[in-house]
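Structural features, examined
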Amino acid sequence: MIDPIKYELGESDIPRTWLNPAADIGDIAPIIDPVTHEPVGAEGLAKTMAPALVEQELSTADEFEIPEPVLQHYAKWRCTPLYRARALEQALGTPARIYYKYEGVAPTGSFKPNTAIPQAYYNKLNGKTGLVGETGAGQWGSAVALAAALFGMEAKVFMVKVSFEQKPYRRTLMETYGATCSASPSTETEAGRTIRAERPDHPGSLGTAKSEALQFAFANPDYGYTRGSALNHVCAHQSVIGQEAILQMALADDYPDIVVGAAGGGSNLAGLAFPFLRAKLRGGPDLRLIAVEPAACPTLTRGRIAYDHADSQGLTPLFRMHTLGHKFVPPAFHAGGLRAHNIAPLISRAVEDKLMEAVSVRQNDCFEAGVLFARTEGIVPAPESTHAIRGAIDEAIRCREEGTSKAILLGLSGHGDFDLVAYQRYLAGELPDDALSDEALDFGLASIPALAHA
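Quick summary incoming for the structure in this document.

Conventions used here
- Residue positions are given per chain, counting from 1 as you read along its sequence in written order.
- Local features are withheld for residues below a pLDDT of 70 in this predicted model, meaning they are given only at 70 or higher, and side-chain atom pairs are given and counted only at 80 or more; totals for whole chains, interfaces and linings count all residues.
- As a rule here, side-chain values come from all non-hydrogen atoms in the structure, and water together with hydrogens is ignored.
- Paired strands, as defined in this entry, are two strands with at least two bridges between them according to DSSP.
- To qualify as a helix, a DSSP run of H or I must reach at least 4 residues; to qualify as a strand, a run of E must reach at least 2; elements of each kind are numbered from the N terminus.
- Working rule for contacts: check all heavy atoms of both residues, and any pair within 4.5 Å makes them a contact.
- A fitted line through C-alpha atoms serves as each axis, taken over the contacting stretch for helices, and the angle formed by two N-to-C directions is quoted from 0 to 180°.
- What sets the label is the angle itself: under 35 degrees gives roughly parallel, over 145 gives roughly antiparallel, 65 to 115 gives roughly perpendicular, and the rest give oblique.
- Each residue receives one of three labels: charged for Asp, Glu, Lys and Arg, nonpolar for Ala, Val, Leu, Ile, Met, Phe, Trp, Tyr, Cys and Pro, and polar for the others, Gly being one of them.
- Each helix should span, by expectation, one fewer than its residue count multiplied by 1.5 Å.
- Summary of the burial criterion: residues with accessible area below 20% of their type's maximum are buried, those above 50% are exposed, and those between are partly exposed, where the area comes from a 1.4 Å probe applied to protein chains only.
- Pairing of aromatic side chains requires ring centres within 6.5 Å, counting the rings of Phe and Tyr and the six-membered ring of Trp. Pairs whose planes differ by under 30 degrees are stacked, by over 60 edge-to-face, and all others tilted.
- Geometrically, a lysine NZ or arginine CZ counts as sitting over a ring once it is within 6 Å of the ring centre and also within 35 degrees of the ring normal.

1. Looking at the sheet that holds strand S15 (residues 407–412)
Paired through their backbone hydrogen bonds, the strands of a sheet run either parallel or antiparallel. Pairing within the open sheet is mixed, and its 7 strands lie in the order S1-S4-S5-S15-S10-S11-S14. Only two strands of the sheet have a single neighbouring strand rather than two, namely strand S1 (6–7) and strand S14 (357–361). Helix H17 (residues 383–402) contacts strand S5 (97–102), strand S10 (258–262), strand S11 (288–294), S14 and S15 of the sheet and is inclined by roughly 170 degrees relative to S15.

Written out as structure tokens, the structure is:
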């Protein structure tokens, strides 16, 4: 008899609404204008955001209806599968039951199209003919390029320089979809030129790439600026992940005691965790939610809760969130999608209110977990996803030591097929742990604006 491994849903099970996590996280701090220090309303956000997205960003409604054209594109790969990691459990000798929700079956290999497609749809309705965005490891850039192609739009992507050099095939994938990709900081924008003048060897960061993408959008009004993570509407779009997972755990006749996700900008983690948090807050089973971030970019575990910009040049409004400071430049570790100085305000608030835990892990420990996962489950995970795997393995080992059987659900946010250079370096013993220096941390924290009411 074959023990069940896969728990799959059909196209009829694709969620018809996005859950709005802002309805579950109380007392949401307003977005602040950096000049006037007054709240930014719909008119201010509309400068870089389609009207429907502005409405979703500011709303505290329970849910938003998913438009039919978006659902039709979702059906290309959703619902994504849920797996029981039986071979990993056996290798660890743990009584824990480990499940993983696998987003790597999406066309670009990660969870990012879940929000890129609706953002393209709403920008198209708003009369835009192109999309622009920033990307770290290239997952968001790939999703923007795909979404633009699906809706007959152009795409421009500013990719963090170190990832641009580390991950050439991500770049090629974007170009295959029709996008133009530039290493950031570049010479194409004032922000890029300023950053290069200050530090010619700047490795780039999501903050610097965001500044360039914003300036490109300001200079090219036919392009809509896209957000890959952090903002409320992006977290809402990703809720399809957790909604499906709840149904699939029921198919497995189980329910998670622990939900674990990688923490960078926060939307992947939000998409998996917040539907379960809603269920808990509304009388459902209790469970722990764990955010796992890199020790080299420890936003939740070493950052401050403050009002800060989301980009390095201070072009965005101010958001209240955990931040390492908008001038923070992380080391050049391989989980490029987790190299953000800030995190989603909703995730930040959940951690602040002790609805979610946060831990940081080192790069080599994550790749160790990724290799074990590949050798047992057969999927080479993205470097970002190895953080969630590391967190889940640590919890499974704790179950083994305590003799307890718990259900652990982790978010496998994408595959690592384009990240084999990183695995090559790890297997050769040449992958550094990229420890964060006190000087780099202090420099970043010093850039946080001083607001009396923060």
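2. Things to note about the packing of helix H2 (residues 51–58) against helix H5 (residues 113–125)
In the contact formed by H2 and H5, the axes pass within 8 Å of each other and the chain directions differ by 130 degrees. Classified by the angle their axes make, H2 and H5 are oblique. Taking contact as the criterion, the partners of Ala52, Leu53 and Gln56 in H2 are, on H5, Gln119, Tyr122 and Asn123. Here the residues of the contact of H2 with H5 sort into 3 nonpolar, 3 polar and no charged.

3. Topic: H17
The end-to-end C-alpha distance of H17 is 29 Å, a good match for the 28 Å that 20 residues give at a rise of 1.5 Å each. Within H17, 14 of the 20 residues are buried, which leaves the element mostly enclosed by the surrounding structure. Where H17 terminates, the next one or two residues include Gly403, which has phi positive at roughly 70 degrees.

4. Details of the packing of aromatic side chains
Per the stated rule, a full pass over the model turns up 11 aromatic pairs. When the ring of Tyr121 is compared with that of Tyr122, the centres are 5.2 Å apart and the planes differ by 65 degrees; the resulting orientation is edge-to-face. For Tyr122, a relative accessible area of 9% corresponds to the buried category. An aromatic cluster is present here, built from Tyr83, Tyr100 and Phe373 joined pairwise through their rings. Across from the ring centre of Phe164, 4.0 Å away, lies the NZ or CZ of Arg171, which sits over that ring.

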